[in-house]
Amino acid sequence: MPSWIDTHCHLDAAEFDADRSAVRERAHQAGVAHCVIPAVAAANFETVRDLAHAQGDHYALGIHPLYTPQATPEHLDQLDAALHANRDDPHLVAVGEIGLDGFVPSLNTPEAWAQQRWFYQAQLELAQRHQLPVILHVRRSADWLLQGLRKTRVTGGIAHAFNGSLQQAQTFITMGFKLGFGGALTYERALQLRRLATELPLSALVLETDAPDIPPHWLYATAEQRAGGTAQGRNEPAELPRIAQVLAALRGMSLSELAAVTTANARVALPRLQWKT
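A short tour of the structure in this document, coming up. This is a predicted model, so every value here is computed, not measured.

Criteria and cut-off values
- Starting from 1, residues in each chain are numbered consecutively following that chain's sequence as written.
- Given that this is a predicted model, residues contribute local features only at a pLDDT of at least 70 and side-chain atom pairs are listed and counted only at 80 or more, while totals for whole chains, interfaces and linings are drawn from all residues.
- Heavy atoms throughout the structure, all of them, feed into the side-chain values; hydrogens and water do not.
- Residues belong to one nonpolar core when they are buried, are Ala, Val, Leu, Ile, Met, Phe, Trp, Tyr or Cys, and are joined through side-chain atoms within 4.5 Å.
- Only protein chains enter the area calculation, which uses a 1.4 Å probe; residues under 20% of their type maximum are buried, those over 50% are exposed, and those in between are partly exposed.
- Helix and strand assignments come from DSSP, with helices taken as H or I runs of at least 4 residues and strands as E runs of at least 2, each series counted from the N terminus.
- The contact rule is simple, with two residues in contact once any of their heavy atoms fall within 4.5 Å.
- When the strands point away from the viewer, a crossover counts as right-handed if the route from the first strand across the helix to the second turns clockwise.
- DSSP bridges decide pairing: two strands pair if at least two such bridges lie between them.
- All axes here are fitted lines through C-alpha atoms, helices being fitted over the stretch that makes contact, and every angle between N-to-C directions spans 0 to 180 degrees.
- For classification purposes, an angle smaller than 35 degrees is called roughly parallel, one larger than 145 roughly antiparallel, one from 65 to 115 roughly perpendicular, and anything else oblique.
- Throughout, a crossing is termed right-handed when the near helix is turned clockwise from the far one, and left-handed when it is turned anticlockwise from it by less than a right angle.
- Each residue is assigned to one of three groups, with Ala, Val, Leu, Ile, Met, Phe, Trp, Tyr, Cys and Pro labelled nonpolar, Asp, Glu, Lys and Arg labelled charged, and all others, Gly among them, labelled polar.

## As for the nonpolar core
At step 1: Judged by nonpolar contacts, the single largest core of 70 residues is most densely connected at L61, V134, L136, L149, F172, F181 and L258.
At step 2: At seven residues, helix α4 (residues 110-130) tops the list of elements feeding residues into this core.
At step 3: When residues no more than four places from it in sequence are discounted, the contact partners of L149 are Y120, L124, L136, V154, F172, M175 and F177.
At step 4: Counting 12 residues, the second-largest nonpolar core is a separate cluster that includes V36, A60, A269 and L270.

## Structural notes on the pairing of strand β7 (residues 177-181)
At step 1: Along β7, five of the five residues are buried, which leaves the element largely enclosed by surrounding structure.
At step 2: Of the two faces of β7, both are covered, the one formed by F177, L179 and F181 as well as the one formed by K178 and G180.
At step 3: Regarding the hand of the β-α-β motif, the stretch spanning strand β6 (residues 157-160), helix α6 (residues 166-174) and β7 is right-handed.
At step 4: For β7 and strand β8 (residues 205-207), the ladder comprises three bridges, and the chain directions are parallel. Pairing of F181 across the sheet is with L207, part of β8.
At step 5: Between the parallel elements β7 and β8, the chain passes through helix α7 (residues 191-199) in a crossover that is right-handed.

## Let's talk about the packing of helix α5 (residues 142-151) against α6
At step 1: Running from N to C, α5 and α6 point in directions that differ by 25°, and their axes come no closer than 11 Å. In this view, α5 runs roughly parallel relative to α6, as classed from their interaxial angle. Crossing hand, α5 versus α6: left-handed. Contacts between α5 and α6 involve A142, D143, L145, L146, L149 and R150 on the former and, on the latter, Q168, T171 and F172.
At step 2: Taken together, the residues of the contact of α5 with α6 sort by class into five nonpolar, two polar and two charged.

In structure tokens:
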């Protein structure tokens, strides 16, 4: 069975509270050898760390742009302290999930956008100081993210759930980043995303689920279906191999080859994934 790395899944999310161990076991049975669990706020730094240690997985520490309205400079101090305290922890692989969100209206008022950008820049500086890669939230924000990366160089990382232009993708790659692809790739209408996943160098791609979010098409329920009583399917890391099948078909390659290459790519992007834990 091919072995996979889910480079982005929120296993600490409340959606998994009832059956978290079973979710991870299903992923293991499906061949998902490692999961990377990014923090989203200072309040869950210890949660993701403990979860990664308990399950033999990996974690990242950072403040997600959706949580910047409630974030304070003291939370950055907590992040700095946590990165220092865990500097020798092989389970800690990156600063993340950090970035900018240009989609949510409440985050794009002048004040909220300035807050997002301030926290993004500050966290890039922490990643640089602690010599860690970053896991980036990229939603209608690629050019702004790249502007920050030009100002504060970091040791690469992953542009999570990438859905930008070919030129933006190439710029991220030039700056040492891999691009994360997941459930959004499985929708036939996602023409630009599928084109990117097909045409970009294979060496630039990593796989992710963003579980419990971004469900693949076989888990998605339309508004009409939900109104009729059909529940929205919950995404989980065990879906990764089936998502990979879609990418393998688009690129005309075997599943085992895709597993080997994307696993190697993930370990280049997040070098501590090389370490045995």
